[in-house]
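# A look at the structure
Here is how the chains run, residue by residue.
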Amino acid sequence: MKKFLGFLLILAVAAVAVWSAREGGPAATEPAVPETTAEAAVPETTAEVTVPETTEPTTQPPTETVPTPPTDPEAEALRPFLNLGVCRGLDEEHTFVLFFLDDGTSNWSGEEIAAFNGLYLYPAMDFLQTQGETWGMEVNREFFTYSSDVHEGMAYSGVVSPNFQEGGAAADIPDKTAVSLGFDDGWDMYRYLQDFTGTDQVAMLFFLNKPGRSYTIRDQHRDGREELEFSVIFESYPGFSTSATSATIAHELLHLFGAEDYYDPYGDYPRRKALAESQIPDDIMLVTYYNVKDNTLSQATAFTVGWTDQVPEIMENPDWNR
Ligand SMILES: [Zn+2]
């Protein structure tokens with residue numbers, strides 16, 4: 001019962017977004033070994049993050065609105081991470097759950113969380129909402145927030161490395177957080193959240209109040225199992241006085257639902273990067289700007305997260321996979 005009461009309190013605080021759209025049919029999900037996606041390494045400069053904003057001109061209207069059935073295997077191969085893990089479709093009903101997590105070297109105060117939300121979280125959500133509308137996404141917003149500041153004991157026992165490439169990605173964040181809240185493990189907590197929110201897909205975002213390189217651990221295997229997926233987002237990027245955290249949040253969230261990096265963090269796709277730089281230079285999966293409103297969400301990115309089934313021209317270029 002400790003668990004149950006704890007969560008009622010937690011959820012009472014509220015903060016996350018529920019997005020829904022027409023279309024149901026979740027595809028079979030998958031598997032296992034989480035993988036780490038690097039974060040948009042290109043921090044930015046640009047104007048100023050004005051607190052919450054609302055509307056904003058959208059960038060690339062879809063060329064086509066009539067979705068074609070997503071059955072073409074060649075087309076599906078172009079979005080290998082769609083419909084995997086627990087976060088399957090931004091076009092399906094889901095809930096975002098935000099954890100403002102303390103660890104051994106950082107913690108959040110209520111004031112800091114409020115400031116973070118105004119500066120970074122809401123603009124990120126606004127960006128996704130605005131971009132989604134362009135593709136006919138019907139977006140509802142609702143929030144669920146859990147914070148160490150309010151929920152005594154919620155913490156990561158240990159230190160979350162600010163550089164997953166050096167310290168390893170903290171794949172145990174959901175488990176450790178869950179245990180600190182009285183659950184058995186991350187899955188136990190996840191199932192609870194599903195029941196509580198009434199949505200199958202719960203996207204978990206863990207925020208750390210210190211500089212670091214954000215990342216997403218997502219499912220990448222098509223063996224039919226669901227893998228717990230989540231994003232780890234640091235308050236700022238190391239070494240930069242200004243932070244592109246809004247764009248980072250949107251970028252990582254999109255990873256959870258299938259989007260890929262275009263900036264070639266591992267040196268595997270130099271030609272894709274060059275293509276993206278020439279054709280979709282402001283795409284959120286290529287670069288993260290200080291002011292997320294300067295970013296765009298291209299048809300390629302919309303395709304990878306299932307907002308459209310129309311394969312964009314840029315992905316038909318042979319260089320896309322090189
Ligand atoms: Zn990334």
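## Side note on the nonpolar core
Within soluble globular proteins, side chains that are nonpolar tend to cluster in buried spots. One finds F99, L205, F206 and A250 to be the most contacted residues of the largest nonpolar core, which totals 77 residues. No other element matches helix α3 (residues 110-134), which puts nine residues into this core.

## Looking at the environment of E227
Note on placement: E227 falls in the loop between β7 (215-218) and β8 (230-236). The spacing of E227 and L84 is 143 residues in sequence and 7.8 Å in space, taken between C-alpha atoms.

## Here we look at the pairing of strand β6 (residues 201-211)
Among the eleven residues in β6, nine count as buried, and that is most of the element. Alignment of strand β3 (residues 94-101) against β6, held across eight bridges, turns out to be parallel. By the bridge assignment, L101 is partnered in β6 with L208. In this structure, β6 lies alongside β8, joined through six bridges in parallel fashion. Across the sheet, the residue bridging to L208 is F234, located in β8.

## Here's the deal with the confidence of the model for the chain
Residue-level pLDDT values for the chain average 78, and 75% of them are 70 or greater. Scored below 50 in pLDDT, residues 1-68 shows 187 contacts in the model against residues more than four places distant or in partner chains.

## What about the packing of helix α5 (residues 173-180) against helix α6 (residues 186-197)?
Where α5 meets α6, the closest approach of the two axes is 7 Å, and the angle between their N-to-C directions is 75°. Looking at the two axes, α5 sits roughly perpendicular to α6. Contacts between α5 and α6 involve P174, D175 and A178 on the former and, on the latter, G186, D188 and M189. Classifying every residue of the contact of α5 with α6 by side-chain character gives three nonpolar, one polar and two charged.

## Points about the pairing of β7
Residues of β7 alternate between two faces, with Y215 and I217 on one and T216 and R218 on the opposite face, all of them buried. Of the strand pairs in this sheet, β7 and β8 are connected by three bridges, and their pairing is antiparallel. Looking at the pairing, T216 lines up with S231 of β8.

## Quick word on the environment of A302
Assignment of secondary structure puts A302 in helix α9 (residues 299-304). Measuring from C-alpha to C-alpha, the distance between A302 and G258 comes to 9.6 Å, with 44 residues separating the pair along the chain.

Thresholds applied
Residues numbered from 1 in each chain as written. Predicted model: local features only at pLDDT ≥ 70, side-chain atom pairs only at ≥ 80, totals over all residues. Core = buried A, V, L, I, M, F, W, Y, C linked by C-beta atoms within 7 Å. Buried ≥ 20, exposed ≤ 12 C-beta atoms within 10 Å, placed from the backbone. Helix = DSSP H or I, 4+ residues; strand = E, 2+ residues; numbered from the N terminus. Pairing = 2+ DSSP bridges. pLDDT = per-residue confidence, 0-100. Contact = placed C-beta atoms within 7 Å. Axes fitted to C-alpha atoms, helices over the stretch in contact; angles between N-to-C directions. Parallel < 35°, antiparallel > 145°, perpendicular 65-115°, else oblique. Nonpolar A, V, L, I, M, F, W, Y, C, P; charged D, E, K, R; others polar.

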